[in-house]
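Inside the fold
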Amino acid sequence: MKLLRWIKRFLFRVRASVMMKSRGFRDFYRFPFDVSNVLNEHADKTLDEACSLLESQGINYFLCDGTILGIVRDNRLIPHDNDIDVAVAGEVDLDALKAVFRSSGYSVGRELYYRGRIQQLIFYSKHQVIFDICFWHDQGDEYYYHHVPELPKGRRQSKRHFDECDHVVFRDKKYPTHGNIREWLREHFGDDWMIPKKYKGDWRLETRDIIR
């Protein structure tokens, strides 16, 4: 059964890759494990370590999506989540970033580009914890996460959540978040964001910032 699922995912990736190249994407995707696996006991340490690596490079980032939801709501990472999510606004030195992560034992699982511009960079640790970095770009009064094959029209968020910074403390470390984080969570997940779910659904249906 696992082999069949792997074959189906592989064929899907091949077909998607052909389609993406025709649309201007370059997608390097390589994970030696099932990316749907839930976070394991090394996740908290990976969060601390990987964010410290970003800070060592002077990169401004925000905890986001399911990661910040779990920390603010439950003071923990969501048990059924499968990755750690951070947002970065603008461009960074990708070669330096990849070098510092690799020197700390991380591997690159995905590099997604659109017309030569980075959109997503995903690392995974030796313990198979996924650290997902999404790159947002300034456009007028909003920030856009434009070119992702899974989202034909992309995502957008108010600029005020990027221009202002909030913080949370988790496991004795201070992490940056979007400004007015509780308002951001309500806008992002809806008025019921404080009600925990017992399963991981399709994030494309749960995230309110997707352009429909």
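So, here's what we can say about the structure. (Residues numbered from 1 in each chain as written. Predicted model: local features only at pLDDT ≥ 70, side-chain atom pairs only at ≥ 80, totals over all residues. Heavy atoms only, no water.)

**Description of the nonpolar core**
Definition in use: Residues belong to a common nonpolar core when they are buried Ala, Val, Leu, Ile, Met, Phe, Trp, Tyr or Cys residues joined through side-chain atoms within 4.5 Å. Throughout, exposure labels follow a simple rule: accessible area from a 1.4 Å probe, protein chains only, divided by the maximum for the residue type, with under 20% read as buried, over 50% as exposed, and the rest as partly exposed. Helix numbers and strand numbers start at the N terminus; a helix is a DSSP run of H or I with at least 4 residues, a strand a run of E with at least 2. Every residue pair with non-hydrogen atoms within 4.5 Å of one another is taken to be in contact.
Counting residues in hydrophobic clusters, the biggest one holds 49 residues, and the most contacted among them are Leu63 and Phe101. The leading source of residues in this core is helix H2 (residues 43-56), at 6 residues. Once residues lying within four places of it in the same chain are set aside, the contact partners of phenylalanine 101 are Ala50, Leu53, Leu54, Tyr106, Phe123 and Phe131. One finds Phe31, Ile122, Tyr124 and Ile130 within the second-largest nonpolar core, a separate group that totals 5 residues.

**Re the environment of histidine 178**
Spelled out, the test is: We define a polar contact as two N or O atoms separated by no more than 3.5 Å, with the added condition that, inside protein, one atom must be a possible hydrogen donor and the other a possible acceptor, whereas residues neighbouring each other in sequence contribute only through side-chain atom pairs.
Within the secondary structure, histidine 178 is located in strand S10 (residues 173-178). Exposure remark for histidine 178: the relative accessible area of 1% places this residue in the buried category. Note: C-alpha distance between histidine 178 and histidine 161 (17 residues apart in sequence) is 5.0 Å. Not counting the four nearest positions on each side in its chain, histidine 178 is found in contact with Phe62, Leu63, Cys64, Ala87, Gln157, His161, Phe162, Glu164, Asp166 and Trp184. Of the polar contacts made by the side chain of histidine 178, one reaches the backbone oxygen of histidine 161; its length is 3.0 Å.

**What about helix H6 (residues 181-189)?**
Threshold: Our arc is simply the arc of the directions from the helix axis toward the C-beta atoms.
Among the residues making up H6, those that are buried are Ile181, Trp184, Leu185, His188 and Phe189. Within H6, the buried residues cover an arc of 100° as seen down the axis, which keeps them to one side. Among the residues trailing H6, glycine 190 stands out with phi positive, at a value near 105°.

**Concerning the side chain of histidine 188**
Tracing the backbone shows histidine 188 in helix H6. Excluding anything up to four places from it in sequence, histidine 188 contacts Asp65, Arg155, Gln157, Glu206, Thr207, Arg208 and Asp209.

**Focus on the pattern of salt bridges**
Condition: Salt bridge, as applied in this entry: a Lys or Arg side-chain nitrogen positioned within 4 Å of an Asp or Glu carboxyl oxygen.
Within this structure, the stated rule accounts for 12 salt bridges. Notably, a salt bridge pairs arginine 110 with aspartate 27, separated by 2.9 Å at the nearest N-O pair. Of this pair, arginine 110 sits in strand S4 (residues 107-114) while aspartate 27 sits in strand S1 (residues 25-29); the two residues are 83 residues apart in sequence, bridging distant segments of the chain. Note on accessibility: arginine 110 and aspartate 27 belong to one class, buried. Salt-bridge contacts for aspartate 74 lead to arginine 73; the nearest nitrogen and oxygen are separated by 3.0 Å. Take aspartate 74: its relative accessible area is 27%, and that puts it in the partly exposed class. Each of Arg30, Lys98 and Glu111 takes part in one network of salt bridges that share partners.

Interpretation in functional terms is not warranted from these geometric data alone.
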